[in-house]
Amino acid sequence: MIQSPEADIVSGVNNPSTSPTTANRTANQATDVIIVGAGIVGLAHAAHAVANGLTVTIIERDHHAAGASVRNFGHCCITAQSGELYELAQTSRKYWLEFAEHAGFWAAESGAVVLARTEAEMDVLRELSEVREPGQVELLSPAGTRERLGTSAFAVEEAHDDGGTSGAQWPGLVGGAFLRDDLRVDPRTTVATLAEWLSRQPGVDLYWNTAALGFSGSSEGVTVQTSRGGLRAKQVFVCVGHDVDYLFPDLAEEHRIQRCALQMSLAAKPSGVEFAPAVLTATSMLRYPAFTDMPAAAALRSEVLENQPELLEIGANVMFTQRPDGTVILGDSHHYHRTADPFLDEGVTSTLNAEITGRIGEPLEIIQRWQGIYASSDVAPILVREVQPGVTVVSVTSGVGMTLSFGLAHRNVSRLY
């Protein structure tokens, strides 16, 4: 049984089911950087710090990551960002691939496919293709869209280029687009693999089931009071996602952070359906800034409002990804709260899954349902604030934490030099 904070703070991953035997760092031994929160944003900061030769202590209040970082599509949505977010996303892409190689988690340069069923949808894609570098947004015919999604040559021939037939996979298309730069990772395994790799790096301590309680500064650095004792560092990054209000309620109020609750599902591997890219639809084009910046987006919103108002009513982003084991992540809706109720509306989930079934053209067997969650703010898409000397709060408040994580961490850690 754990007897003291010092006995419980050990090198490597703290397994709560076993008693640690080797003390590694105590409150009297400062580390260069403390990371509060072992989701993807926190671990990305840790990875960059380690890569720059810094000693790192990571604390996480849960026994393993269970928040936004594991409840998402596993889609790094690079192409659909704009402005500052686009620059961060491109930087993030580079480091996603670099750290995937180092840590051994799956990351695929599989891109994304946007399905278009109307000319209004194609108009948005045409406009985006025109303003991006050649090849980044590749316009596709119906047959080309199906080919990008791995449909067999026979099925593509059967569906023709006229919008498809009701019996074909990916029916009803007028075209689509391939987003070259998007990445895929597995949200169920990536964070755990990265955390385990970090725990094996020299100068890294990772403490699970250890909550941050407060922060105090002195000439010797910052002390983080935790549920297992004090830890000291030169710099602290607080990366707790939507839970900023637990530690800094005034800052959360100022930034108007809410919890965006999502309804998502997992389908068993559909028979004969395998696709590598993430798949986006019209409602995706109404949510991501690169699409909504296009002049044709207004007409698309009007079209969806007229023909499928139920999707806008639930804040739908109808999209889906296939995990390496063949299961398909389906989603999602968006509802905003200070505190999110845990209860799922089956009507919302049914609406989403029926729409996705119609897009794939094959029946889906639902094997899991869950509530996703992330930080959202109408003030700014990113919160980076030094709340006291040596303590910086970092939260992606726009639903693209996976996308921006490594780019934002690179920028923040670089500022330490």
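Residues numbered from 1 in each chain as written. Predicted model: local features only at pLDDT ≥ 70, side-chain atom pairs only at ≥ 80, totals over all residues. Heavy atoms only, no water.

If you check an unreviewed UniProt entry, the chain appears there as TIGR03364 family FAD-dependent oxidoreductase from Paenarthrobacter sp. AMU7. In UniProt, the chain has this text filed under Sequence similarities (unreviewed entry): "Belongs to the DadA oxidoreductase family." Quoted verbatim from the Cofactor (unreviewed entry) field of UniProt, the annotation for the chain is "FAD". (UniProt positions renumbered as here; feature names shortened; annotations may be inferred.)

### What about the pairing of strand β6 (residues 112-116)?
With 5 of 5 residues buried, β6 lies mostly within the body of the structure. Alternating residues of β6 divide into A112, V114 and A116 and V113 and L115, and every residue in both groups is buried. Bridge analysis of β6 against strand β8 (residues 175-179) gives 5 bridges, and the strand direction is antiparallel. Of the residues in β8, the one forming a bridge with V113 is F178. With 3 bridges connecting them, β6 and strand β15 (residues 278-280) associate as parallel partners. Considered in β15, the bridge of V113 is made with V279. (Buried < 20%, exposed > 50% of the residue type's maximum accessible area, 1.4 Å probe, protein only. Helix = DSSP H or I, 4+ residues; strand = E, 2+ residues; numbered from the N terminus. Pairing = 2+ DSSP bridges.)

### As for the nonpolar core
I58, W96, L194, L198, F291 and F406 are the most contacted members of the largest nonpolar core, which totals 83 residues. Setting aside chain neighbours within four positions, we find W96 in contact with I40, C76, F105, L183, V185, T190, M402, T403, S405 and F406. Core analysis: the next-biggest nonpolar cluster, separate from the first, contains 23 residues, W170, V273, L311 and I356 among them. (Core = buried A, V, L, I, M, F, W, Y, C linked by side-chain atoms within 4.5 Å. Contact = heavy atoms within 4.5 Å.)

### Concerning the layout of surface pockets
Within this model, the second largest pocket holds a volume of roughly 160 Å³. What lines the second largest pocket is a set of 11 residues, among which H64, A65, V70, V191 and A192 lie closest to the centre. Element by element, the count of residues in the lining of the second largest pocket is highest for helix α7 (residues 190-199), at 4 residues. Within the lining of the second largest pocket, the residues separate by chemical class into 8 nonpolar, 1 polar and 2 charged. (1 Å grid on protein atoms, 1.4 Å probe; cavity = no way out; pocket = protein on both sides within 12 Å on 5 of 7 lines; lining within 4 Å. Points joined across faces, edges and corners; volume = space filled by probe spheres on them. Nonpolar A, V, L, I, M, F, W, Y, C, P; charged D, E, K, R; others polar.)

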